[in-house]
Amino acid sequence: DQQVKQNSPSLSVQEGRISILNCDYTNSMFDYFLWYKKYPAEGPTFLISISSIKDKNEDGRFTVFLNKSAKHLSLHIVPSQPGDSAVYFCAASGGGSEKLVFGKGTKLTVNP
Amino acid sequence: DAGVIQSPRHEVTEMGQEVTLRCKPISGHNSLFWYRQTMMRGLELLIYFNNNVPIDDSGMPEDRFSAKMPNASFSTLKIQPSEPRDSAVYFCASSPRGQNYGYTFGSGTRLTVV
């Protein structure tokens, strides 16, 4: 049973427009959420995170929104750039555990 | 810092052979994690260590898989005997324990069992 779900395997957007990547979770114990970015032949790299006590966290072009009641989070990238083309993983942890549970990822393609 | 270092980058082996994957975590990181990535299951946690002690190995698929961390700077993941369904990318990651910075991943080992 997948506790973290990314229902869109892929997303394609035009350069300069907004990219919105979505993630849903089922475990109410999760209290910390992260987004990772992965390029081919490399390991995932940390992008941005949010604690359950917040509903928004911003870092430059990247903003993560958390809706606890809906058990949903999203990553907004504005403006999107071709270099943002990668696979984005949503991850969650909680209940005092260090374990990160990952979604299956969404492949973002930003077209010039 | 050189980051998390994994070796080899690629491994091709025959079914039934023993495979050993290696990982050097970032110095000072107390926690080490082994993940496996497949198309079907995404990134799955296999096992993790705190201060060289295995904490949770519930993700290890079978007795054919074993992991060790003899010291703070080295860990191995062994598969014996290997099977074609073990083909995947195996990632090692480390983190400073107790801090929600997330993990730093290595570049992974792509394992192909033929």
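Look up a bit, the structure's there.
The text that follows walks through the structure, step by step, so that each part is easy to find. (Residues numbered from 1 in each chain as written. Chains lettered and ligands numbered in written order. Predicted model: local features only at pLDDT ≥ 70, side-chain atom pairs only at ≥ 80, totals over all residues. Heavy atoms only, no water.)

So, on to unusual backbone geometry. Cis geometry is found at the peptide bond from Val78 of chain A to Pro79 of chain A, where omega equals -10°. If you trace the backbone, Pro79 of chain A turns up in the loop between strand 8 (72-77) and strand 9 (86-94). Cis geometry marks the peptide bond from Gln80 of chain B to Pro81 of chain B; its omega dihedral reads -5°. Tracing the sequence through the fold places Pro81 of chain B in the loop between strand 8 (74-79) and strand 9 (88-95). (Helix = DSSP H or I, 4+ residues; strand = E, 2+ residues; numbered from the N terminus.)

Here we come to the state of the cysteines. Considering all chains together, one arrives at two disulfides over all chains under this definition. For Cys23 of chain A, the disulfide goes to Cys90 of chain A, at an S-S distance of 2.0 Å. Because the torsion about its S-S bond is -75°, the bridge between Cys23 of chain A and Cys90 of chain A counts as left-handed. Of this pair, Cys23 of chain A sits in strand 3 (residues 19-25) while Cys90 of chain A sits in strand 9, placing them 67 residues apart in sequence. Assigned by exposure class, Cys23 of chain A and Cys90 of chain A land together as buried. Across a sulfur-sulfur distance of 1.9 Å, Cys23 of chain B and Cys92 of chain B are joined as a disulfide pair. Negative torsions about the S-S bond denote left-handed disulfides, and the value of about -65° found for Cys23 of chain B with Cys92 of chain B makes this one left-handed. Highlighted residues: Cys23 of chain B in strand 3 (residues 19-24) and Cys92 of chain B in strand 9, separated in sequence by 69 residues. Residue classification places Cys23 of chain B among the buried residues on the basis of a relative accessible area of 1%. Judged by relative accessible area, which is 0%, Cys92 of chain B ranks as buried. (Disulfide = S-S within 2.5 Å. Buried < 20%, exposed > 50% of the residue type's maximum accessible area, 1.4 Å probe, protein only.)

Residue and element names in this part refer to chain A. Reading across from one edge, 1-3-8-7-6 is the order of the five strands in this open sheet, with antiparallel pairing throughout. Whereas interior strands pair on both sides, the edge strands pair on one side only; in this sheet they are strand 1 (4-5) and strand 6 (56-59). Relative to strand 8, strand 3 runs antiparallel, the two being bridged by six bridges. Looking across to strand 8, one finds that Asn22 is bridged to Ser74. (Pairing = 2+ DSSP bridges.)

A few words on the sheet that holds strand 1 (residues 5-7) of chain B. Strand pairing in a sheet relies on backbone hydrogen bonds. The paired strands run either parallel or antiparallel. Residue and element names in this part refer to chain B. Spatial ordering of the open sheet is given by 1-3-8-7, a layout of four strands whose pairing is antiparallel. Every other strand in the sheet has two partners, leaving strand 1 and strand 7 (65-71) as the edge strands with one partner each. Shown here is a sheet whose adjacent strand axes are inclined to one another by a mean of 15°, direction ignored. Pairing of strand 7 with strand 8, which is carried by five bridges, proceeds in the antiparallel orientation. (Axes fitted to C-alpha atoms, helices over the stretch in contact; angles between N-to-C directions.)

A few words on the interface of chain B and chain A. On the side of chain A, 16 residues touch chain B, which itself brings 25 residues to the contact. For the pair chain B and chain A, the number of links is one salt bridge. A salt bridge links Lys99 of chain A to Asp56 of chain B, with the shortest nitrogen-to-oxygen separation between them at 2.9 Å. Connecting chain B to chain A are nine residue pairs in polar contact (both at pLDDT 80 or more). Residue assignment for the side of chain B that touches chain A shows that the elements contributing at least two residues are strand 4 (31-38), strand 5 (42-50) and strand 9 of chain B. Of the residues forming the side of chain B that touches chain A, the biggest block, five residues, is contributed by strand 5 of chain B. (Contact = heavy atoms within 4.5 Å. Salt bridge = Lys/Arg side-chain N within 4 Å of Asp/Glu carboxyl O. Polar contact = N/O pair within 3.5 Å; in protein donor to acceptor, adjacent residues only side chain to side chain.)

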